[in-house]
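What follows is the residue order along each chain.
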Amino acid sequence: MIRTRQDIGRAQRIVVKIGSSLLADAEHTTVAGAVAENGGVQMQRVQRFANEMAALHARGLQVVLVSSGAVALGCVHLGWIGRDLSVHEKQAAAAIGQPALMHAWKQAFAAQGIGVAQMLLTADDLRHRRRYLNASNTSETLFAAGVIPIVNENDTVVVQEIKFGDNDNLGALVSLLVDADLLIIMTDVDGLYDANPFVSADARRIGTVASITPKIMAMAGDAGSTFGTGGMSSKLRAAQIAIRSGVATAIIGGDSEGSLAALLAGEDTGTLFACGADRQTRRQHWIAEVLHSAGQLVIDDGAARALCAKGASLLPVGVCAVGGAFDKGECVEILCGGQVIARGLCNYSAAEMRQLIGVSSDDIEKVLGYRDFSSIVHRDNLVLLGDAKEGEG
Ligand code: GLU
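Residues numbered from 1 in each chain as written. Predicted model: local features only at pLDDT ≥ 70, side-chain atom pairs only at ≥ 80, totals over all residues. Heavy atoms only, no water.

**Overview of the overall build of the chain**
No. 1: The secondary structure content of the chain amounts to 15 helices and 13 strands.
No. 2: Once the C-alpha set of the chain is aligned to its principal axes, its extents read approximately 75 × 45 × 45 Å.
No. 3: Taking contacts inside the chain between residues at least 6 apart in sequence as the whole, the part at least 24 apart equals 73%.
No. 4: Of the roughly 17100 Å² of accessible surface on the chain, 50% is carried by carbon and sulfur atoms.
No. 5: On the chain, the mean spot of the 34 positive side-chain charges and the mean spot of the 42 negative ones are 4 Å from each other. (Helix = DSSP H or I, 4+ residues; strand = E, 2+ residues; numbered from the N terminus. Contact = heavy atoms within 4.5 Å. Areas by Shrake-Rupley, 256 points an atom, 1.4 Å probe, with all protein chains shown as cover. Lys, Arg positive; Asp, Glu negative; His and termini not counted. Charge placed at Lys NZ, Arg CZ, Asp CG, Glu CD.)

Here's what the structure looks like:
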């Protein structure tokens, strides 16, 4: 696991996320319907990135590229720069831009003798165990074939609720999907600064972040560009998801040549978010970050203490209220004092849970007519969140 700059050199599998603002060419927009001469792509940059990734590939590293730019390129093609777009216009722009984006990457990697593959994913795909495994097996097979998978969100089929939201988040989830050692987010600033570097002359870059505290979060501000949805705060949220599961994250600038190689050589460039000691397993990650929660269980203080301090399973006696409609085995949020303290897979349905409120485990069979489990959420299927986690011991 990567805890310091020196450890970076040991990374075997990396995910490189590149933002739209680095790829799309806002200068050479066209009138609606006409195709920009350069395909709307900053081709020299794309070639430089491909060359840098090819150099890592040649050293035996396995690289996944998460590339934004479909919507931005579609907008360049259609002359839609600076316009407020409806969801369907964005989806149409993505449909136009995605092949242009892939064409650019395919050409750039071909110049280095490397093949590429396209993987379009939605957050919903990763919530389904089978589809998650399929995506994971596909990427493994692509690695074995020596091909670079290029991932983007499948923008044309997603609506807000099933979206990754932004490609920083997608990058984090892909880094977990492929079990990467390092997620690298390339953007138009060379790391996290303690103040907005575009505004404040004495803003200082933070070299390494050991833990993403509220103070660090507050440094993110809201910097944006013509393209891209992210800003620094979405990059920090992505880093948080990744490091929790043992994937170190770096934010580096894409403007300067060689930044990727410099980072991997352990040089002091960008911001490194190092992994802490508490690593979630893939299963815990899936429960905490990926699964959609279908309901809520409100529990009393005693049960909350047992979960947080003793690492116990949740028993029906500690449950005070049940919300939502869920089937057996579905993911629920566990609340105490108005806070979500954990998430877990519930052994009983919402209808059954409503009958089991405050019931002793010994009486489950009497109430339901059967008893498959004495616990409501077994410890192995439960993940503590936020402050609740700190109380664990
Ligand atoms: N999937 C979007 C695209 O390719 C990018 C989303 C983002 O900006 O993060 O245009």
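**Focus on the packing of aromatic side chains**
No. 1: The tally for this structure, following the rule as stated, stands at 2 aromatic pairs.
No. 2: Arranged with centres 5.9 Å apart and planes meeting at 35°, the rings of W105 and F109 form a pair that is tilted. Note that W105 and F109 are positioned in helix α4 (residues 87-110) at a spacing of 4 residues, about one turn of the helix.
No. 3: Where Y348 meets Y370, the ring centres are 6.1 Å apart and the plane angle is 50°; that geometry is what we call tilted. Here Y348 is found in the loop between β12 (339-345) and α13 (350-356), whereas its partner Y370 is found in the loop between α14 (364-368) and β13 (382-384), with 22 residues between them in sequence.
No. 4: Relative accessible area serves as the criterion here: at 0%, Y348 is assigned to the buried category. (Phe/Tyr/Trp six-rings, centres within 6.5 Å; stacked < 30°, edge-to-face > 60°. Buried < 20%, exposed > 50% of the residue type's maximum accessible area, 1.4 Å probe, protein only.)

**Remarks on the sheet that holds strand β10 (residues 319-324)**
No. 1: An order of β10-β9-β11-β12-β13 is seen for the 5 strands of this open sheet, with the pairing classed as mixed. The open sheet has two free edges, formed respectively by β10 and β13, since each of these has just one partner strand. Neighbour to neighbour, the strand axes of the sheet diverge by 25° on average, direction disregarded.
No. 2: Strand direction decides the pairing type here: strand β9 (residues 295-299) and β10, joined by 5 bridges, are antiparallel. In the sheet register, Q296 faces β10, and the bridge partner there is G323.
No. 3: Where helix α12 (residues 301-310) meets the sheet, its contacts fall on β9, β11 (331-336), β12 and β13, and the angle it forms with β9 comes to roughly 105°. (Pairing = 2+ DSSP bridges. Axes fitted to C-alpha atoms, helices over the stretch in contact; angles between N-to-C directions.)

**Comments concerning the nonpolar core**
No. 1: V15, V151, V174, L192 and F273 are the most contacted members of the largest nonpolar core, which totals 51 residues.
No. 2: Of all the elements in the fold, those that place two or more residues in this core are β2 (62-67), β3 (116-121), α5 (123-127), α6 (129-144), α7 (167-177), β5 (182-187), α9 (231-244) and α11 (282-290).
No. 3: The element contributing the most residues to this core is α9, with 7 residues.
No. 4: Membership of the second largest hydrophobic core comes to 42 residues, among which are L22, I148, L264 and C275. (Core = buried A, V, L, I, M, F, W, Y, C linked by side-chain atoms within 4.5 Å.)

**Digging into the state of the cysteines**
No. 1: Enumeration according to the criterion identifies 0 disulfides in this entry.
No. 2: Cysteine C320 remains unbridged, with the sulfur of C336 as its closest cysteine sulfur at 7.5 Å.
No. 3: Residue classification places C320 among the partly exposed positions, given a relative accessible area of 42%. (Disulfide = S-S within 2.5 Å.)

**Some words on the pairing of β11**
No. 1: When you tally the buried positions in β11, you get 5 out of 6 residues, the bulk of the element.
No. 2: Relative to β11, β9 is paired through 4 bridges, and the arrangement is parallel. By the bridge assignment, G295 is partnered in β11 with V332.
No. 3: With 6 bridges joining them, β11 and β12 adopt antiparallel strand pairing. Within the sheet, the bridge partner assigned to V332 lies in β12 and is G344.
No. 4: Connecting β11 to the antiparallel partner β12 that follows it, the hairpin turn spans 2 residues, and G337 within it adopts a positive phi of roughly 55°.

**Things to note about the site of the ligand**
No. 1: Within the structure, the ligand sits among 10 residues, and A70, V71, N152, D155 and N167 are positioned closest to it.
No. 2: A distance of 3.1 Å separates an oxygen atom of the ligand from a polar backbone atom of G69.
No. 3: A distance of 2.9 Å is found between an oxygen atom of the ligand and a backbone nitrogen or oxygen belonging to A70.
No. 4: In isolation the ligand exposes 300 Å². Once the protein is present, 93% of that is buried. (Near = heavy atom within 4 Å. Polar contact = N/O pair within 3.5 Å; in protein donor to acceptor, adjacent residues only side chain to side chain.)

**Details of the confidence of the model for the chain**
No. 1: On average, the chain scores 88 in pLDDT, and the residues at 70 or more come to 91%.
No. 2: Averaged pLDDT values over the elements of the chain bottom out at 66 in helix α15 (residues 386-390) and peak at 98 in β2.
No. 3: In this model residues 31-35 is a low-confidence stretch, pLDDT under 50, and it forms 10 contacts with partners more than four residues away in sequence or in other chains. (pLDDT = per-residue confidence, 0-100.)

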